Amino acid sequence: MREIIAPLSQMLKSGEISSVELTNKYIKAIENDNPKYNAYVSTTFDKALENAKTADKLIAEGKGSTLTGIPMTLKDNICSDGDLTTCCSKILEGFRPYYDSTVWTKLKAQGAVMLGKTNMDEFAMGSTSETSVYGAPLNPRNTNHVTGGSSGGVAAAVCANIAAYGLGSDTGGSVRQPASFCGIVGLKPTYGAVSRYGLIAYGSSLDQIGVLANSVKDTATVFDAIRGVDEHDQTSVDFDFGNISDTLGQTDVKGLKIGIAKEYFEGINEEIKDAILGAVKEFEKNGAEIVDISLPVLQQALPVYYIIACAEASSNLGRYDGIRYGYRAKDFNDVEEMILKTRTEGFGDEVKRRIMLGTYVLSSGYYDAYYKKACLLRQNLIADFDDIFNTCDVLIAPTAPNTAFELGFEGASPVDMYLSDIATVPINITGVPAISVPVKNDKAGLPIGMQIIGKKFDEKKILDVAYFYEKLNKSEVEDFEGGVTL
């Protein structure tokens, strides 16, 4: 996979191109290509050009960073002051936040250029991005297929080269799975490594802002820029990661202990299973030690996740009532009817389903049987993962049990869609970091992603391992031709 950020940064610093010129190239590419992919749901071109002018001044003064002047995108649930941010839901129609998220504050301070907000499943609830009120984004690898979800618009924009990189959110795999489906890199950091301030909440104990990019080095560069403790987010942690992007490639995999949990490969498409195990053999050939392990607790992960996530969604989405902001029903007789009609008309079917599931498991008589039990099982998952990382350095697993679904996949019930998260949700439940990197294409030409999982705050190791694999040039997923070319 090709690096984009460092070469663009070098062009900007050498004066080969200005940020304004580069931004105009991206704007033109979006205008030409976005109708094909439906990646962007709103654009901020005027602001982008103003940011680009600021970036050019920083570069001329010898200031800024590797990200200065480089155009990027935010998922439509990450706030930026005055910009349309709707979570791709009718109920947030016309909503413009009055403040910046911490991640955008950090990037903007470094001279980043935001092109707009990208498509997603409504309130990040879905695995295909088809629940978006704006319609589904289309996979640039094959526009008859979905991008994955819920950060599908970011993945499409990065894959199609109409954004150099993007930020998404990952509650149960929503950065990693679309990265896998689109053949790019997706990092879900440790819970607390990146501030969630300004991320519109779905499941607060599971949500994490992550990075989607075209290469591991690009991903590390962006992670270095957005991580860190934040006074606005009390779950954020002050941890010294060092400068990961500058030290990539300095670690050999010789002696690295790679854990393979058989439960991660149960029910997985054989073609995907063979691709991941083939990649593991490449590590073994280069001196890594393969450790076969058992994690029977993984079988509990999916029900635990959907109970906790839906319970938290029920609570978090209670604030959308039509009174303070967003959509409001037109005809009603009193406040109670207004709230009822607003929520009925404003939320889509999948969001309503999860609100109702969450309300049910929190209700009197069911709390102990469902929610409390799920929280106890979550502790078992966390303990088992902690134990595993006493015996191995990283885990390797598929990112998803399948490649990208066809649009409107017939016969896919909500439960079928939930099962597609089987390989990613344990990471959010336990709070550990994971990265998805492309391995090869399946017989239909669709990308297969491999997940590298580490212990908490060990982003450096999983990025090093991912970078090593990327440099082996074993991936058969070719760089996408289109969008901005330089």
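Described in the following lines is the structure provided in the data block. Counting starts from 1 at the beginning of each chain's written sequence and moves along it residue by residue. For a predicted model such as this one, the threshold for reporting local features is a pLDDT of at least 70, and the threshold for listing and counting side-chain atom pairs is 80 or more; totals across whole chains, interfaces and linings nevertheless cover every residue. With hydrogens and water stripped out, all remaining heavy atoms of the structure feed into the side-chain values.

1. Considering the overall build of the chain
Helix and strand counts for the chain stand at 16 helices and eleven strands. On C-alpha atoms alone, the chain measures out to a radius of gyration of 21 Å, which is about the 23 Å that the 2.2 N^0.38 rule sets for 486 residues. In terms of principal-axis extent, the alpha carbons of the chain reach across some 65 × 55 × 45 Å. Taking all 486 residues of the chain together, 60% fall into the buried category. Summed over all atoms, the accessible surface of the chain reaches about 18,500 Å², with 48% contributed by carbon and sulfur. In this text, helices come from DSSP runs of H or I with a minimum length of four residues, and strands from runs of E with a minimum of two, each type numbered from the N-terminal end. Taken over C-alpha atoms, the radius of gyration is set against a globule rule of 2.2 Å times the number of residues to the power 0.38. Between buried and exposed lies partly exposed: a residue is buried under 20% and exposed over 50% of the maximum accessible area for its type, with that area taken using a 1.4 Å probe on protein chains only. Shrake-Rupley sampling with a 1.4 Å probe provides the accessible areas, and residues are treated as covered by the protein chains on show and by no other component.

2. Digging into unusual backbone geometry
Here the amide bond leading from G149 into S150 is cis, since omega sits at 5°, within 30 degrees of zero. As for its position among the elements, S150 is in the loop between β3 (113–118) and α5 (152–159). Even without being glycine, C87 reaches a positive phi, approximately 55°. Positionally, C87 belongs in the loop between β2 (71–75) and α4 (102–109). Residue N161 is not a glycine yet carries a positive backbone phi of 60°.

3. Description of the environment of D384
Here D384 lies in helix α13 (residues 367–388). For the pair formed by D384 and V297, sequence separation is 87 residues and the distance between their alpha carbons is 7.6 Å. Aside from chain neighbours lying at most four places away, what touches D384 is L295 and V297. Contact definition: two residues touch when any of their heavy atoms are within 4.5 Å.

4. Section: the packing of aromatic side chains
Any two rings among Phe, Tyr and Trp, with Trp reduced to its six-membered ring, count as a pair given centres within 6.5 Å; such a pair is stacked if its planes are under 30 degrees apart, edge-to-face if over 60, and tilted if neither. Counting across every chain of the model gives 21 aromatic pairs. Seen from their ring centres, Y305 and Y306 are 4.8 Å apart, and the 90° between their planes marks the pair as edge-to-face. Across the pair, exposure class does not vary: Y305 and Y306 are buried alike. Note on Y367 and Y371: the rings are 5.4 Å apart at their centroids and 50° apart in plane angle, and the pair reads as tilted.

5. Concerning the sheet that holds strand β6 (residues 209–213)
Should DSSP find at least two bridges between two strands, the strands are taken to pair. Spatial strand order, β1-β3-β2-β4-β6-β5-β10-β11-β9-β7-β8: eleven strands in an open sheet with mixed pairing. Each edge of the open sheet is held by one strand with a lone partner, namely β1 (40–43) and β8 (289–293). Going across the sheet, the axis of each strand differs from the next one's by a mean of 30°, ignoring polarity. Taken together, the three bridges between strand β5 (residues 185–188) and strand β10 (residues 434–441) define a ladder with antiparallel strand orientation. Within β10, the position partnered with L187 by the bridge is I435. Only the contacting stretch of a helix is used when fitting its axis, a line to C-alpha atoms as for every element, and angles between N-to-C directions run 0 to 180 degrees. Packed onto the sheet, helix α3 (residues 45–60) meets β1 and β3 and runs at close to 155° relative to β3.

6. Points about the pairing of β2
The buried fraction of β2 is high, at five of five residues. In this sheet, β3 lies alongside β2 in parallel orientation, the contact comprising four bridges. Its bridge partner being in β3, P71 is matched across the sheet by V113. Place the viewer so that the strands point away; then a crossover is right-handed whenever the path from the first strand over the helix to the second strand goes clockwise. Read from β2 through α4 to β3, the crossover connection turns out right-handed.

7. Comments concerning α5
Extensive coverage of α5 is indicated by the burial of eight of its eight residues. Restricting attention to buried positions, one finds in α5 the residues G152, G153, V154, A155, A156, A157, V158 and C159. The inward-facing, buried residues of α5 abut β1, β2, β3, β4 (166–169), α6 (176–182) and β6.

8. Some details on the nonpolar core
By nonpolar core we mean a set of buried residues, namely Ala, Val, Leu, Ile, Met, Phe, Trp, Tyr and Cys, connected to one another through side-chain atoms within 4.5 Å. In terms of nonpolar packing, the biggest core is built from 150 residues, with F123, Y165, L167 and F385 touching the most fellow members. Examining the composition of this core, we find that eleven residues originate from one element, helix α10 (residues 301–316), more than from any other. Beyond its immediate sequence surroundings of up to four residues, Y165 is in contact with I5, L67, I70, P71, M72, T73, L107, A112, V158, L212, A213 and V222. In this structure, V146, A400, A404 and F405 belong to the second largest nonpolar core, which totals six residues.

9. Quick notes on a nonpolar patch on the surface
Within the patch definition used here, like charges are joined within 9 Å and nonpolar side chains (Val, Leu, Ile, Met, Phe, Trp, Tyr) within 5 Å, considering only residues with over 30% relative accessible area and no salt bridge. A pairing counts as a salt bridge when a side-chain nitrogen of Lys or Arg comes within 4 Å of a carboxyl oxygen of Asp or Glu. On the surface, a cluster of nonpolar side chains totalling about 280 Å² of accessible area is made up of Y360, Y366 and Y370. Turning to its location among the elements, Y370 is positioned in helix α13. The partly exposed category is assigned to Y370, whose relative accessible area is 33%.

10. Considering α13
Multiplying one less than the number of residues by 1.5 Å gives the expected span of a helix. Over its 22 residues, α13 extends 31 Å from the first C-alpha to the last, a length consistent with the 32 Å expected when each residue adds 1.5 Å. Considering bend angle alone, the principal kink of α13 is centred on K373 and spans about 30°. For α13, the full list of buried residues reads Y371, A374, R378, L381, I382, F385 and I388. As for α13, its buried residues are in contact with β8, α10, α12 (349–362), β9 (394–398), α15 (425–430) and β11 (447–453). Bending is quantified residue by residue as the angle between axes fitted to the seven-residue window ending at that residue and the seven-residue window starting at it.

11. Quick notes on the pairing of β11
Among the seven residues in β11, seven count as buried, and that is most of the element. Across the two faces of β11 the burial is the same, with P447, G449, Q451 and I453 and I448, M450 and I452 all buried. Here four bridges tie β9 to β11, and the two strands are oriented antiparallel to one another. Paired with P398 across the strands is M450, a residue of β11. Two successive antiparallel strands, β10 and β11, enclose a turn made up of five residues, where G445 displays a positive phi of approximately 85°.

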